[in-house]
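# Overview (structure and organization)
One-letter residues, chain by chain:
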Amino acid sequence: MAPKRTKNKAPSADPQGMFAGMVVFLIENSVQSRRLQIWKQKLEQMGAKIETHLSKKVSHVFAMSSDALFHHVDKDQLARFKGHVLLYQWLEDSLAAGEKVSEHLYILKVDPEGEDVPDKNPKLEAANRNSSIHGEQSHCKRIKSSPEEIKHTNEESKGDIETNTASGLSNNEPNSPSSVTSGPEIPSTLDKDVGTPTSSLPYSPPDLNKDITEIFGKLINIYRALGDDRRSFSYYKAIAVVEKLPFKIESADQVKNLPGIGKSLQDHIQEIVTTGKLSKLEHFETDEKVRTISLFGEVWGIGPATALKFYEKGHRALDDLKSDNSLTNVQKLGLKYFDDIKTRIPRNEVQEMESLLQKVAEDIVSGVVVVCGGSYRRGKASCGDLDIIITHPDGKSHKGFLQKYVKRLKEMKLLREDLIFSTHSEEGTDQGVDTYFGLCTYPGRELRHRIDFKVYPRDIYAFGLIAWTGNDVLNRRLRLLAESKGYRLDDTGLFPATHGSGSKRGARGTTSLKLETEKEVFDFLGFPWLETYERNL
DNA sequence: TGGCAATACTG
DNA sequence: CAGTAT
DNA sequence: GCCA
């Protein structure tokens with residue numbers, strides 16, 4: 001039986017859900033019960049807490065209209081309420097958009113004289129409208145669309161791609177990258193977080209509390225380098241929570257009830273907001289051992305344990321390692337091409353290599369589908385490496401492909417050195433995903449780049465595509481969402497969470513749900529569709 | 001106090 | 001089997 | 001680190 005998590009009944013709240021941290025009070029007056037049901041579920045599912053009365057903890061009150069509002073709650077009580085009073089439409093629109101939309105259009109005046117209309121600052125309204133996912137304004141007063149309707153229209157507009165053809169392969173998916181490329185181009189500012197329409201909302205979250213998240217971010221890397229992934233992950237989750245706060249934290253009290261923030265992190269936050277720094281981090285950053293181990297750990301093939309071993313042997317610089325005879329092959333490569341591998345690849349070069357790779361692949365097996373995933377597919381201006389996802393529409397020609405492909409690519413000197421080469425689907429009956437990790441070069445150059453190939457059987461291709469396109473945050477959300485609905489999601493499929501009984505990854509017998517395209521997976525999970533370039537969460 | 005994803009390759 | 005990587 |  002299932003170990004512990006996932007109970008189907010109350011979907012476990014996603015601590016990173018878009019409504020995380022919200023404490024809401026719902027005015028049920030004049031709300032269709034069916035709809036209310038959905039809202040409650042969504043709210044809890046995405047991290048909000050629902051209060052049964054207008055307590056002090058409540059941060060948001062929702063009502064159908066001001067009439068419903070004043071009918072149901074005492075005016076004075078309301079007047080004392082300091083939180084936000086919004087129309088349910090805000091929920092609808094946020095759910096449709098996949099993130100919290102600006103509240104400005106949905107604010108209900110608490111003042112009894114006020115009307116049923118939300119605040120209308122022309123400037124704000126215009127701005128919001130532009131950035132709204134579906135250009136149409138979502139006005140209040142009249143709630144026309146049910147959640148389903150919204151969802152439908154929303155997808156209709158983008159979903160066309162899926163309706164495609166070609167052997168029913170999710171194909172078009174392979175096309176999306178190119179559409180990204182030729183589409184509204186990504187500002188070549190860094191490669192941070194640009195180009196996502198959603199991130200350009202006028203009142204987007206950014207930066208308040210940046211001081212805190214930056215420091216936590218450094219701790220994430222430090223703990224990871226030291227091998228304490230669990231602790232590292234805690235900081236990771238905390239960042240997600242803090243980033244969503246709509247206000248600047250000024251005292252630890254403001255975060256004491258947030259999920260993922262316990263005693264220790266509260267103290268850290270307290271220190272950061274009062275002193276502007278964290279002594280713990282300062283300590284780490286000046287500690288030679290920590291710095292050395294972090295550096296060594298950046299070498300491909302060297303993890304926390306090996307880094308520590310080298311440190312204890314007295315090594316302090318990368319040059320010291322080169323003469324160490326205990327280096328493994330891949331570590332030698334990682335060291336030799338340390339700078340190369342860290343050098344980011346301009347988007348246009350990735351694009352050229354993708355076409356080249358497609359051409360070569362087609363030459364080996366006609367019809368094979370080759371897509372460059374990762375940050376490239378998400379539209380970034382530069383990429384740290386190449387993630388190549390491969391499949392074949394006929395469901396079988398992918399077998400044995402990777403071997404020949406790698407051989408050919410080596411002959412043409414595109415692939416240079418191997419790091420890992422596993423292939424089990426070679427002739428096997430199977431489901432296995434062939435994998436290759438290595439170093440490659442752009443035609444005519446010597447600069448090494450990391451490149452990964454993943455060959456998926458056509459029937460689980462969509463899962464591989466999603467997983468390898470990322471980003472990490474999205475993958476985690478999808479996985480949690482799947483979990484909350486009684487499934488387990490990974491890059492090889494979506495499985496009913498019948499745990500103990502043998503739903504090991506890809507295990508024969510347990511087959512993944514048949515979802516042929518990325519969109520079908522998003523839909524199935526009830527996650528708002530995101531174009532590839534919108535997945536930089 | 002134990003779990004926090006799970007799995008495949010290298011040496 | 002430990003360590004590493006995705 | 002947090003949480004059940």
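Values in this document were obtained by computation on a predicted structure and should not be read as measured data. Each chain has its residues counted from 1, running along the sequence as written. A letter from A marks each chain and a number from 1 marks each ligand, given out in the order of writing. Residues qualify for local features only when their pLDDT is at least 70, as the model is predicted, and side-chain atom pairs are given and counted only at 80 or more; totals for whole chains, interfaces and linings, by contrast, use all residues. With hydrogens and water excluded, all non-hydrogen atoms of the structure serve as input to the side-chain values.

## Some details on the overall build of chain A
Under the DSSP-based scheme used, a helix requires at least four consecutive residues in state H or I and a strand at least two consecutive residues in state E, with every element numbered from the N terminus. Across its full length, chain A holds 22 helices and 13 strands. Residue exposure (1.4 Å probe, protein chains only): buried if accessible area is under 20% of the type maximum, exposed if over 50%, otherwise partly exposed. A total of 537 residues make up chain A; the buried ones form 50% of that total. It only takes one pair of heavy atoms within 4.5 Å for two residues to be counted as in contact. The long-range share in chain A, meaning contacts at least 24 apart out of those at least 6 apart in sequence, stands at 64%. For the accessible areas, the method is Shrake-Rupley and the probe is 1.4 Å, while residue cover comes only from the protein chains on display. Split by element, the accessible area of chain A, about 25,400 Å² in all, is 51% carbon and sulfur.

## Some thoughts on the packing of helix 20 (residues 461-469) against helix 22 (residues 518-525)
The axes used here are C-alpha line fits, helices contributing only the stretch in contact, and every angle between their N-to-C directions lies in the interval 0 to 180 degrees. Running from N to C, helix 20 and helix 22 cross one another at 85°; their axes reach a closest spacing of 8 Å. With respect to each other, helix 20 and helix 22 are oriented roughly perpendicular. Residue-level inspection shows Ala462, Phe463, Leu465, Ile466 and Thr469 of helix 20 in contact with helix 22, the latter providing Glu518, Val521 and Phe522. For the contact of helix 20 with helix 22, the per-class residue count stands at six nonpolar, one polar and one charged. If an angle is under 35 degrees, it is roughly parallel; if it is over 145, roughly antiparallel; if it lies from 65 to 115, roughly perpendicular; otherwise it is oblique. Throughout this entry, Asp, Glu, Lys and Arg are counted as charged residues, while Ala, Val, Leu, Ile, Met, Phe, Trp, Tyr, Cys and Pro are counted as nonpolar. The remaining residues, Gly among them, count as polar.

## Thoughts on the confidence of the model for chain A
A residue's pLDDT is simply how confident the predictor is in it, with values from 0 to 100. On average, residues of chain A carry a pLDDT of 78, and 73% of them reach 70 or more. For the stretch residues 112-168, pLDDT sits under 50, and the model shows 93 contacts to residues farther than four places along the chain or on other chains. Per-residue pLDDT stays below 50 along residues 499-509; that stretch engages in 23 contacts with residues further than four places along the chain or on separate chains.

## Focus: the sheet that holds strand 4 (residues 84-87)
One bridge is not enough; two strands pair if DSSP finds at least two bridges between them. Pairing is parallel across the open sheet formed by four strands, whose spatial order is 2-1-3-4. The two strands at the open ends of the sheet, each matched to only one other strand, are strand 2 (49-51) and strand 4. In this sheet, adjacent strand axes meet at a mean angle of 30° when their direction is disregarded. Where strand 1 (residues 23-26) and strand 2 come together, three bridges link them in parallel fashion. Of the residues in strand 2, the one forming a bridge with valine 23 is lysine 49.

## Considerations on the pattern of salt bridges
Salt bridges are defined as contacts in which a side-chain nitrogen from Lys or Arg sits within 4 Å of a carboxyl oxygen from Asp or Glu. Inspection of every chain in the model, using the stated rule, returns 25 salt bridges. Where lysine 218 meets glutamate 285, a salt bridge forms, and the shortest distance between an N and an O atom there is 4.0 Å. Placement of lysine 218 in helix 8 (residues 210-225) and of glutamate 285 in helix 11 (residues 279-286) is noted, with a sequence separation of 67 residues between them. Taking relative accessible area as the criterion, lysine 218 reaches 42% and is therefore assigned partly exposed. For glutamate 285, a relative accessible area of 33% corresponds to the partly exposed category. In this structure, the salt-bridge partner of arginine 316 is glutamate 288, at a minimum N-O distance of 3.7 Å. Taken together, the residues span a long stretch of sequence, with arginine 316 in the loop between helix 13 (304-312) and helix 14 (318-322) and glutamate 288 in helix 12 (residues 288-296) at a distance of 28 residues. Overall, the relative accessible area of 32% leaves arginine 316 in the partly exposed class. In this structure glutamate 288 comes out as partly exposed when scored by relative accessible area, which is 43%. Linked by salt bridges that have partners in common, Asp363, Lys407, Arg408 and Glu411 make up one network.

## Concerning the sheet that holds strand 9 (residues 415-422)
Judged by pairing direction, the sheet is mixed, and its five strands sit side by side in the order 6-8-11-10-9 without closing on themselves. The sheet terminates laterally at strand 6 (369-372) and strand 9, the two strands that pair on one side only. Put simply, the sheet's adjacent strands are angled 20° from each other on average, direction ignored. In the packing of helix 19 (residues 401-411) onto the sheet, contacts are made with strand 6, strand 8 (386-391), strand 9, strand 10 (434-441) and strand 11 (448-455), and the angle to strand 9 comes to roughly 160°.

## What to know about the protein's contact with DNA strand D
Throughout this document, a residue counts as near a molecule or strand when at least one of its heavy atoms sits within 4 Å of that molecule or strand. Residues in close proximity to DNA strand D total 15 residues, the closest being Tyr223, Ser234, Gly260, Gly262 and Lys280. Each atom of DNA strand D within 4 Å of the protein was classed as base or backbone; sugar and phosphate made up 69%. Within the contact set of DNA strand D, a phosphate oxygen lies 2.9 Å away from a side-chain nitrogen or oxygen of tyrosine 235. Taking serine 264, its main chain carries an N or O atom lying 3.4 Å from a phosphate oxygen of DNA strand D. Those elements that provide at least two residues to the surface near DNA strand D are helix 9 (229-244) and helix 10 (263-275). Tallied by class, the residues present in the surface near DNA strand D amount to six nonpolar, five polar and four charged. N or O atoms closer than or at 3.5 Å make up a polar contact, with two conditions inside protein: a donor-capable atom paired with an acceptor-capable one, and, for residues adjacent in sequence, both atoms drawn from side chains.

## Examining the environment of methionine 353
Of note, methionine 353 is situated in helix 17 (residues 347-364). Note on methionine 353: relative accessible area 0%, which makes it buried. For the pair methionine 353 and leucine 414, spaced 61 residues apart in the sequence, the C-alpha separation amounts to 9.2 Å. If we ignore the near neighbours within four places in the chain, the residues touching methionine 353 are Leu386, Leu414, Cys440, Thr441, Tyr442 and Pro443.

## Brief notes about the pairing of strand 11
A large share of strand 11 lies buried, amounting to eight of its eight residues. Burial along strand 11 is two-sided: Arg448, Arg450, Asp452 and Lys454 facing one way and His449, Ile451, Phe453 and Val455 facing the other are all buried. Following strand 10, the chain reverses through six residues before pairing antiparallel with strand 11; glycine 444 in that reversal takes a positive phi of roughly 85°.

## Some details on the packing of aromatic side chains
Centre distance within 6.5 Å is the pairing criterion for rings of Phe, Tyr and Trp, where only the six-membered ring of Trp is used; planes under 30 degrees apart are then read as stacked, over 60 as edge-to-face, and the remainder as tilted. This model, assessed by the stated rule, comprises 13 aromatic pairs. Members of the aromatic cluster, connected to one another through ring pairs, are Phe401, Tyr405, Phe421, Tyr436 and Phe453. Throughout this description, the term charge over a ring refers to an Arg CZ or Lys NZ atom that lies within 6 Å of the ring centre and within 35 degrees of the ring normal. One Lys or Arg, arginine 231, reaches over the ring of tyrosine 223 and ends 5.6 Å from the middle of that ring.

## Quick look at the packing of helix 8 against helix 10
Relative placement of two packed helices is described by the angle separating their axes and the distance separating the axes. With their axes 10 Å apart at the nearest point, helix 8 and helix 10 run at an angle of 125° to one another. One finds that helix 8 runs oblique with respect to helix 10. Judged by the sense of rotation from one axis to the other, the crossing of helix 8 with helix 10 is right-handed. Contact with helix 8, carried on its side by Asp211, Ile212, Ile215 and Phe216, involves Leu265, His268, Ile269, Ile272 and Val273 of helix 10 and no other residues of that element. Crossing handedness is defined as follows: a turn of the near helix away from the far one that is anticlockwise and smaller than a right angle gives a left-handed crossing, while the clockwise case is right-handed.

## Considering helix 10
Helix length check: helix 10 (13 residues) gives 18 Å between terminal C-alpha atoms against 18 Å at 1.5 Å per residue, within 8%. Restricting attention to buried positions, one finds in helix 10 the residues Leu265, Gln266, His268, Ile269 and Ile272. For helix 10, the buried positions fall inside an angular range of 160° around the axis, keeping them on one side. Exposed and facing more than 90 degrees away from the buried side of helix 10 are Lys263 and Thr274. Tucked into the core, helix 10 has its buried residues touching helix 8, helix 9 and helix 11. Immediately downstream of helix 10, the backbone of glycine 276 shows phi near 80°, a positive value. Any helix carries an expected span of 1.5 Å times its number of residues minus one. It is the directions from the helix axis to the C-beta atoms that the arc portrays.

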